[in-house]
Amino acid sequence: MEIGIDSFAASPRGFEDNSKAIRELLERIQLADQVGIHVFGIGEHYRKEFLDAAPATILAAAAALTKAIKLTSAVTVLNTSDPVRVFQNFTTIDLISDGRAEIVVGRGSFVDSFPLFGYNLNDYDAIFSEKLELLLKIRDHEIVDWSGIFRPPLRQQAIYPRAVQEKLPIWLGVGGTPASFARAGTLGLPLMMAVIGGETQRFRPLVDLYRTTGKETGFLPEELPVGLSSFGYVANTREEAIDIFYPHYAQVIASMNKERGWVAPTREQFEAQADENGAIVIGNPEEVAAKILRHSIALGGISRFNFQMDVGLSHKQMKQAIKLIGEEVIPRVNQKGNQLK
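Presented here is an overview of the structure given in this document. (Residues numbered from 1 in each chain as written. Predicted model: local features only at pLDDT ≥ 70, side-chain atom pairs only at ≥ 80, totals over all residues. Heavy atoms only, no water.)

Okay, the packing of helix α3 (residues 83-97) against helix α5 (residues 124-140) next. The N-to-C vectors of α3 and α5 enclose an angle of 45 degrees; their axes lie 9 Å apart at closest approach. Looking at the two axes, α3 sits oblique to α5. You can see that α3 and α5 cross each other, and the crossing is right-handed. Mapping the contact onto sequence places Pro 83, Val 84, Val 86 and Phe 87 in α3 and Lys 131, Leu 134, Leu 135, Ile 138 and Arg 139 in α5. (Axes fitted to C-alpha atoms, helices over the stretch in contact; angles between N-to-C directions. Helix = DSSP H or I, 4+ residues; strand = E, 2+ residues; numbered from the N terminus. Parallel < 35°, antiparallel > 145°, perpendicular 65-115°, else oblique. Left-handed = near helix turned anticlockwise from the far one by under 90°. Contact = heavy atoms within 4.5 Å.)

Written out as structure tokens, the structure is:
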């Protein structure tokens, strides 16, 4: 199983020194590469508290500083992006990194980019479907003939540069909508689930829908990998991990409450989410590795797990967690995973 980290490039100092925050983010990606973490993803948001409005630029900088780690979006908001430019940005990252780029495309959990780029929210799903079709066509064909509703047509248009990888990996990022899981299966795209609350096992019927749809479309099981991204943190002890992570997590949820109607959890409610079946993956390395594997079993097998711990923790706290993930969690996941086979 691949273990990774997703970041929204949040600055723990508020907005005092964003340049330093970006430099520290790149330092954490370098550290993740050095300790053997498999994947690092950068999100895409258009808010003051996040610095990831141009994720491809951050990933390109990271590509020049790393040697082995895969670099991906988490996620690319395809509704309001041009598929040609998305492809060109990520194939350029692929060239810089010598074949380590990936894309996770999705519709995004916020809608700030719609007014920013002049799109109509009433076309939310139609735009995404059309642009995903075009992105896949560009990925699979050097010369493209295409027409749609939301973008000017392409007539025998050559699109460059091409990726180092024969087929640039494109994952479909999903929340909890059955149609999104079915779409990923129909297209034979790897599936990246964002589970930020509740019990992860409740998503099993949706994962089964993805796999069943993919099989019925003609794809092999190995062509339908499932990834999971959830809030998580690792420290030397469970109590230390919760003491560090919970206050920042609660503040993030409280901020989202203004828009989504969420209520910031109490410490007791948080710890319930961090129990054996809850979505939050937190504790010491042994506990975290065991929980990742429980999630995998509950979902019928996953091939990737990404931590989302960028909730305002300090640079030092995140670096400590990255070291523990690479040096202690990953070996335990590998060892226990082999024992389960």
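Right, picking up where we left off after that structure.
The next point concerns the environment of Leu 168. Looking at where Leu 168 falls in the secondary structure, it is placed in the loop between β7 (154-158) and β8 (170-174). By relative accessible area, which is 2% here, Leu 168 ends up buried. Separated by 66 residues in sequence, Leu 168 and Glu 102 place their C-alpha atoms 6.4 Å apart. Once you skip the residues sitting within four places of it in the chain, Leu 168 turns out to touch Phe 90, Thr 91, Asp 94, Ala 101, Ile 103, Arg 139 and Ala 163. (Buried < 20%, exposed > 50% of the residue type's maximum accessible area, 1.4 Å probe, protein only.)

Once that is clear, we can look at helix α7 (residues 204-217). Its 14 residues give α7 an end-to-end C-alpha distance of 20 Å, which sits within 8% of 20 Å, the value for a rise of 1.5 Å per residue. Residues Leu 206, Val 207, Tyr 210, Thr 213 and Gly 214 constitute the buried set of α7. End-on view of α7: buried residues confined to an arc of 130 degrees, all on one side of the axis. The exposed set on the far side of α7, more than 90 degrees from its buried face, consists of Pro 205, Lys 215 and Glu 216. Note on α7: the residue one or two positions beyond its end, Gly 218, has a positive phi of about 110 degrees. (Expected span 1.5 Å × (residues − 1). Arc of directions from axis to C-beta.)

Now for the nonpolar core. Residues Met 193, Tyr 233 and Phe 245 are the most contacted members of the largest nonpolar core, which totals 95 residues. Sequence-distant contacts of Phe 245, defined by excluding residues within four places in its chain, comprise Phe 231, Gly 232, Tyr 233, Phe 270, Ile 282, Gln 308, Met 309, Val 311 and Leu 313. (Core = buried A, V, L, I, M, F, W, Y, C linked by side-chain atoms within 4.5 Å.)

With that settled, consider the pairing of strand β2 (residues 39-42). For a regular strand, the rule is simple: side chains alternate between the two faces of the sheet. Burial of β2 is two-sided: the residues Val 39 and Gly 41 facing one way and the residues Phe 40 and Ile 42 facing the other way are all buried. Both strand β1 (residues 2-7) and β2 contribute to a ladder of four bridges, which runs parallel. Bridge assignment links Ile 5 to a residue of β2, and that residue is Phe 40. Relative to strand β3 (residues 70-73), β2 is paired through four bridges, and the arrangement is parallel. (Pairing = 2+ DSSP bridges.)

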